[in-house]
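Spelled out from the first residue to the last, the chains are:
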Amino acid sequence: MQSAKELAQIVRELTRGHNAWFRDSIPLIASENVMSPLAREVMNSDLHNRYAEGLPGKRYYQGNIFVDQIETLCENLAKEVFRCKFADVRSTSGTVSNLAVLMAVAKPRDKMTTVALSDGGHISHAKIGATGLRGVRTYSYPFDEKNMNIDVQGAKRLIREVKPKVALFGQSVYLFPTPLDEIKEVFAEVNCTTWYDAAHVMGLIAGGRFQDPLRQGIDVVSGSTHKTLPGPQHGMIISDLGKESLETSLRRGVFPGVTSNHHLHSVAALAVTLAEAKEFGEAYADQTVRNAKALGEALHERDMDVLCEHLGFTESHTIVVDVERYHGGAKVARALEEANIILNKNLLPWDSDPVKPHGVRIGSQELTRLGMKEAQMVEIAELIARVVVKEEPPANVKPDVVALKRQFTKLHYCFFEGEEAYDYPTYDGNLS
Ligand SMILES: *Cc1c(COP(=O)(O)O)cnc(C)c1O
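All figures in this text were calculated on a predicted structure; none of them were measured in a lab.

Draft legend 1. Region of interest: the pattern of salt bridges. What the rule picks out here adds up to 29 salt bridges. Two residues, R215 and D212, come together in a salt bridge whose shortest N-O distance is 3.2 Å. Owing to a relative accessible area of 38%, R215 belongs among the partly exposed residues under this scheme. With its nearest N and O atoms 3.0 Å apart, the salt bridge here joins D305 to R325. Taken together, the residues span a long stretch of sequence, with D305 in strand β13 (residues 305-306) and R325 in the loop between β14 (318-322) and α12 (328-338) at a distance of 20 residues.

Structure follows, in structure tokens:
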């Protein structure tokens, strides 16, 4: 039997092992990122130990004098960065944000139009997830597989036919902006609430490098704050209608709806992240999209079937590769992991078997934060192709992955630029 000391030491070693592994790996998961030094500093503070419920100035707990100022500052930064009148920064993740919005804008049995899971929609938009929990009925937009986007005429027809209470947009496989300008005339016709889930593209929107849904007929935007927005694992909700009844419902949806304490250390880290987005967000978002396009092009040149070549592969941080010719998504993702290249298998719209997806999804946002540019995207494409196309043993490729990555372990587009991304405070000595 292992002692408590030994077990605690094992957790410590595993955590160190994970850190060391990621320092030496190429991170390509499209939903992940690395926080800035300053965000990490405030994240590790005493704020983590405290409770606050409700809104600044109207709390249920004492001890929130500084917390109130931090949260107010965070909300104001969110309103500035996303150019809007309302922000709630208390939801503790993207899914929790979505639950809060569902609670605010829909009742059980209401109808909602969404992007299907197989077309890149998120599990929280589906019957098996948060949407089903709320008892909301879903109807999927027809999808244009060639252009990897909602079919405009089909979506308009669906919304006119279904007359949903809520029209939801936004995806987890998100290559191109949703054609909201082309669809929006039907919103008023059926008088639906319009909702956009920006989880993946929050950082691109902040940097002005994707669509701006609040300027395109969308009532409420929800999202995660840790995907292209490189903040803490948290959520937020914004709106620009200035409609008090909606804002009150959204506030109540978050608390008491789906949270009690709202992770105060994360709110502080989010405030820092938003301040950094204000200062560096445009340059970061621009390079992120450039890198995704460059990686798409370089993989295409190496005989990989990157989707949407005719559209320049992507307008976001994400590209999708059809790897059916190379034994499918699961096998490719596992082989690359052995070479320290981390990505995920992904369903393609035409996949019939959900357990054997033919795609992989790749994101450029984290590499961009680590200072990589187009030249490194070409190097990474070559490393991927050596494993996938040339079928070199992953163990042979791994040393070259490590060598490349060791040149890019410092953070960019933030205050204290150049600090190490993978260092964290530790205490001396072993427990066992
Ligand atoms: C990731 C994602 C979410 C969920 O976010 P979490 O922060 O992981 O809960 C919600 N919606 C979309 C579209 C996503 O991609």
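Draft legend 2. View of the side chain of D68. With respect to the secondary-structure elements, D68 resides in helix α3 (residues 65-81). A relative accessible area of 16% means that D68 is categorised as buried. Setting aside anything within four residues of it in sequence, one finds D68 in contact with P56, G57 and R59.

Draft legend 3. Geometry of the packing of aromatic side chains. For the structure on display, the rule yields nine aromatic pairs. Ring geometry for F169 against F187: centres 5.8 Å apart, planes inclined by 50°, an arrangement best described as tilted. Of this pair, F169 sits in strand β9 (residues 166-169) while F187 sits in helix α8 (residues 185-190), and the two are 18 residues apart along the sequence. With a relative accessible area of 7%, F187 lands in the buried category. Ring geometry for Y284 against Y413: centres 5.8 Å apart, planes inclined by 55°, an arrangement best described as tilted. Of this pair, Y284 sits in helix α11 (residues 264-301) while Y413 sits in the segment after α15 (394-405), and the two are 129 residues apart along the sequence. The class for Y413 is buried, based on a relative accessible area of 15%.

Criteria and cut-off values
Residues numbered from 1 in each chain as written. Predicted model: local features only at pLDDT ≥ 70, side-chain atom pairs only at ≥ 80, totals over all residues. Heavy atoms only, no water. Salt bridge = Lys/Arg side-chain N within 4 Å of Asp/Glu carboxyl O. Buried < 20%, exposed > 50% of the residue type's maximum accessible area, 1.4 Å probe, protein only. Helix = DSSP H or I, 4+ residues; strand = E, 2+ residues; numbered from the N terminus. Contact = heavy atoms within 4.5 Å. Phe/Tyr/Trp six-rings, centres within 6.5 Å; stacked < 30°, edge-to-face > 60°.

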